[in-house]
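Analysis of the macromolecular model
Listed here are the chains, written in short residue letters.
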Amino acid sequence: MTYDTDVRKEFLKTESPRGLMLLTALTALIYFTVLVAYFPVGNTLLFYLLVVGEVFHLWQVYTFIYTVWDTTYMPARNDTLTVPVDVFITVAGEPVELVAETVAAAKRMDYPAFAIHILNDGYVAKKDNWRDIEALASRMDVHCITRTVAGGAKAGNINNALRLTTLPLIAIFDADHVPHRDFLRKTVGYFANERVGFVQTPQFYKNYGENFLTRSTWEQQELFFGPICKGKNRLNAATMCGTNMVISRKALTEVGGMCTDSIAEDFVTGLFMHARGWKSVYVPEVLAEGLATEDLLSYTKQQFRWARGALDVLFRYNPLRYRGLTWAQRIQYIASASFYVSGLVVLFDILLPLVFFYTGAVPVLAPGMLLAAVFLPYMFCALYTIQRTSNFTFTFQSLGFSMGAWHIHLRALWAAVRGERSAFQITQKGGRATGQALSLVAWHCLYILATLVGIVVALMREGFSASLINNSAWALLNIAVFAPIIWAALPAQTTFVRSIAYRRASKKVYDVQ
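This text gives an overview of the structure that appears in the document.

Conventions used here
- Counting restarts for each chain, with residues numbered from 1 along the sequence as it is written.
- Where totals are concerned, whole chains, interfaces and linings use all residues; where local detail is concerned, this predicted model gives features only for residues with pLDDT of at least 70, and gives and counts side-chain atom pairs only at 80 or more.
- Only heavy atoms go into the side-chain values, all of them from the structure, while hydrogens and water stay out.
- Between buried and exposed lies partly exposed: a residue is buried under 20% and exposed over 50% of the maximum accessible area for its type, with that area taken using a 1.4 Å probe on protein chains only.
- Only DSSP runs of H or I covering at least 4 residues are called helices, and only runs of E covering at least 2 are called strands; the numbering of each starts at the N terminus.
- Note: two strands are recorded as paired if DSSP finds a minimum of 2 bridges between them.
- Put simply, two rings from Phe, Tyr or Trp (the six-membered ring, in Trp's case) pair if the centres are within 6.5 Å, and we call them stacked under 30 degrees between planes, edge-to-face over 60, tilted for the rest.
- Definition used: whenever NZ (Lys) or CZ (Arg) falls within 6 Å of the ring centre and also within 35 degrees of the ring normal, the charge is taken to sit over that ring.
- The criterion used for residue contact is that any of the two residues' heavy atoms lie within 4.5 Å.
- Here, a salt bridge means any side-chain nitrogen of Lys or Arg that lies within 4 Å of a carboxyl oxygen of Asp or Glu.
- Buried Ala, Val, Leu, Ile, Met, Phe, Trp, Tyr and Cys residues form a nonpolar core when they are joined through side-chain atoms within 4.5 Å.
- When the sulfur atoms of two cysteines come within 2.5 Å, that pair is taken as a disulfide.
- Axes here refer to lines fitted to C-alpha atoms; in helices the fit is confined to the stretch in contact. Angles between the N-to-C directions go from 0 to 180 degrees.
- What a helix is expected to span follows from its residue count: subtract one and scale by 1.5 Å.
- Bend, at a single residue, is the angle you get between axes fitted to the 7 residues ending at that residue and the 7 residues starting at it.
- Each polar contact in these results corresponds to two N or O atoms within 3.5 Å; when the atoms are within protein, one needs to be able to donate a hydrogen and the other to accept it, and residues that are neighboring in sequence are counted only if both atoms are side-chain atoms.
- Small angles under 35 degrees read as roughly parallel and large ones over 145 as roughly antiparallel, with 65 to 115 read as roughly perpendicular and the rest as oblique.
- Here a crossing is taken to be left-handed if its near helix is turned anticlockwise relative to the far helix by less than a right angle, and right-handed if that turn runs clockwise.
- Polar here means any residue other than Ala, Val, Leu, Ile, Met, Phe, Trp, Tyr, Cys and Pro, which are nonpolar, and Asp, Glu, Lys and Arg, which are charged; Gly is therefore polar.

Once that is clear, we can look at the pairing of strand β5 (residues 169–174). Counting buried residues along β5, six of its six residues qualify, which places the element largely inside the surrounding structure. By the alternation rule, side chains of β5 split into L169, A171 and F173 and I170, I172 and D174, which are all buried. Relative to β5, strand β2 (residues 85–91) is paired through six bridges, and the arrangement is parallel. Bridging from a neighbouring strand, D86 pairs with I170 of β5.

This brings us to the sheet that holds strand β6 (residues 178–179). Pairing is mixed across the open sheet formed by three strands, whose spatial order is β6-β11-β8. The open sheet has two edge strands, β6 and β8 (204–205), and neither has a second partner. In this structure, β6 lies alongside strand β11 (residues 288–290), joined through two bridges in antiparallel fashion. Bridged to P179 within β11 is A288.

Following the criterion strictly, the structure yields 23 aromatic pairs and no others. Consider the rings of Y123 and W130, whose centres lie 5.0 Å apart with planes at 75°: the pair is edge-to-face. Judged by relative accessible area, which is 39%, Y123 ranks as partly exposed. Following the ring pairs from residue to residue traces out a cluster consisting of F11, F204, Y205, Y208 and W218. When the ring centre of W327 is taken as origin, the NZ or CZ atom of R330, which lies over that ring, is 5.1 Å away. We note R461 situated over the ring of F356; from NZ or CZ to the ring centre the distance is 5.4 Å.

Next up on the list: the side chain of H409. Along the polypeptide, H409 turns up in helix α15 (residues 406–418). Excluding residues within four positions of it along the chain, H409 makes contact with Q303, A307, F339, Y340, S342, G343 and S402.

Let us look at the pattern of salt bridges. Scanning the entire structure with this criterion turns up 17 salt bridges. Across the pair E289 and R8 runs a salt bridge, and its minimum N-O distance is 2.9 Å. With E289 in strand β11 and R8 in helix α1 (residues 7–10), this residue pair connects regions lying 281 residues apart in the sequence. Judged by relative accessible area, E289 falls into the buried class, the value being 3%. With relative accessibility at 5%, the residue R8 sits in the buried group. One network of salt bridges, in which partners are shared, links D182, K186 and E285.

Counting residues in hydrophobic clusters, the biggest one holds 58 residues, and the most contacted among them are I247, L252, M258 and M273. In contact with M258, not counting residues within four places along its chain, are A155, I158, N159, M240, M245, I247, L252, E265, D266 and T269. Ranked by size, the runner-up nonpolar core spans 38 residues in total, among them V96, C144, L169 and V246.

What follows concerns the state of the cysteines. Overall, the coordinates contain zero disulfides when judged by the stated rule. Here C229 is not cross-linked by a disulfide; its sulfur's nearest cysteine counterpart is in C241, at 5.5 Å.

Let's shift gears to the sheet that holds β2. Taken in spatial order, the seven strands make up an open sheet running β4-β3-β2-β5-β9-β7-β10, and their pairing is mixed. Bordering the open sheet on either side are β4 (143–146) and β10 (279–282), each of which pairs with just one other strand. Sheet twist, expressed as the average angle between the axes of neighbouring strands with direction ignored, equals 20°. Lying on the sheet, helix α9 (residues 265–275) is in contact with β7 (196–200), β9 (245–248) and β10; it crosses β7 at an angle near 145°.

Turning our eyes to something else, we now look at helix α13 (residues 368–389). Here α13 spans 31 Å end to end across 22 residues, near enough to the 32 Å set by a 1.5 Å rise per residue. At F375, α13 shows its maximal kink, close to 25°; a proline, P377, follows between one and four residues later. Turning to α13, its buried residues number three or more, namely V374, Y378, C381, A382, T385, I386 and T389. Looking at the buried side of α13, the elements it contacts are α2 (18–38), α3 (44–68) and α7 (212–232).

As a further point, take the environment of K107. Structurally, the position occupied by K107 is in helix α4 (residues 96–107). Each residue touching K107, except ones within four places of it in the same chain, is listed here: F114, I116, M140, D141 and V142. A distance of 2.6 Å separates a polar side-chain atom of K107 from the backbone oxygen of M140.

Before going further, it helps to spend a moment on the packing of α4 against helix α5 (residues 130–140). Running from N to C, α4 and α5 point in directions that differ by 30°, and their axes come no closer than 11 Å. The orientation of α4 relative to α5 falls into the category roughly parallel. Handedness of the crossing formed by α4 with α5: right-handed. Facing V96, V99, A100, V103, A104 and K107 of α4, the residues of α5 in contact are D132, I133, L136, R139 and M140. Class assignment of the residues belonging to the contact of α4 with α5 gives a composition of eight nonpolar, no polar and three charged.

It is worth spelling out unusual backbone geometry at this point. One non-glycine residue, K126, adopts positive backbone phi at about 60°. Note on placement: K126 falls in the loop between β3 (114–120) and α5. On the basis of relative accessible area, K126 is assigned to the exposed category, the value being 74%. Despite not being glycine, N318 has its phi angle at roughly 40°, a positive value. Structurally, N318 can be placed in the loop between α10 (296–317) and α11 (327–338).

Shown next, in the form of structure tokens:
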């Protein structure tokens, strides 16, 4: 299969239009001020729920601007530095052929001193192919470390290998993430600064064009691995993402290994390192290529794991009080983790028009034209800022999947608030999407039905009032935003999707392998 070279690069061609960002900050403040201080209050409870939601939106806008204010900073790299590296490839039942591809690519890396270890968790995970992985390691002449005592999931697997290996640096790849030949050449040099704890590179999905879901999930990631991660570099607040990274053994040992108390072991371990004064680097270049989930059930499980783990940072570790972090790092960790609180805010937002349809209650008594006069400039500036900073890679599908996952994030938030322990589940990759997953978007479908019925109820109650028109437009916009994730739940439309998946493709293509 061939892929376009630009897809690997376009999301990294970021910019920081500061004039536009300041205008966005101003229009956001004007909208909030007019909404809260100028319009008469309608229903008091709805008003305060609206205020809470808009405060959260302000937080998102301002922290985004703060993060991407400068996306050009890069620490120094010494390309002549050569430090021996243990290469960990984490495996827990993935297909042998998939693991073999990653091992073969790792063996081809252009670097003079590294040792490859397959971290085989198949036995403790009760996978049928754990012996096949051992045989694969023998055939490919690499070391296999098979755990026989369970505990800590992926983090425990890495920690087990940590005590059985000795080299100063550790490169970690998930079983499906295939490193480029120059991966180590372009990452190890940053460890010339002895206080660098880890170096992270993007997670690119080489199967992004496989179906509508893989394409949409990759587009959802472009904003994060583009301007957001690049902006975190100047703040020494890069996010540890668990694969396609190199870690200092000294730094990892100092924090007690990978965190085993959270299902987002990477994110939390990065926080621990930053709190101990270690530095981080994000390399804005695709140096390894993995697989996106190809069905909505796997996507749902993955999103829940990410959300549940990130929320641990808020509810268990609280960056505001965690000693050792700089204020810039505190803001970055809270901003990243609080993204998953948005499920609750989205719920408030989508329920407000339904409340009007069935009860007539509104949070504010706002003339439609005046409300539009302050809301539309703010929304245009905010979306255009995202587009400019991301090199116009942010798509409607990106927005749809981010907002459409509100029910997943809400479930993760409830689990975090209650302190429930959630099991680490490996994301299924390398298979093919089959069947339907409409049950996973049942809430979205129920919302559509409630909106259509509600519009009729409100129309019979008060006719074509301004409030009905405003709330109908709001609800229908919500439905449009949910459309991508609902579409992904339908039977795979592979032929159709393939015909549109490469709209950003250039004429120059090359084979991944």
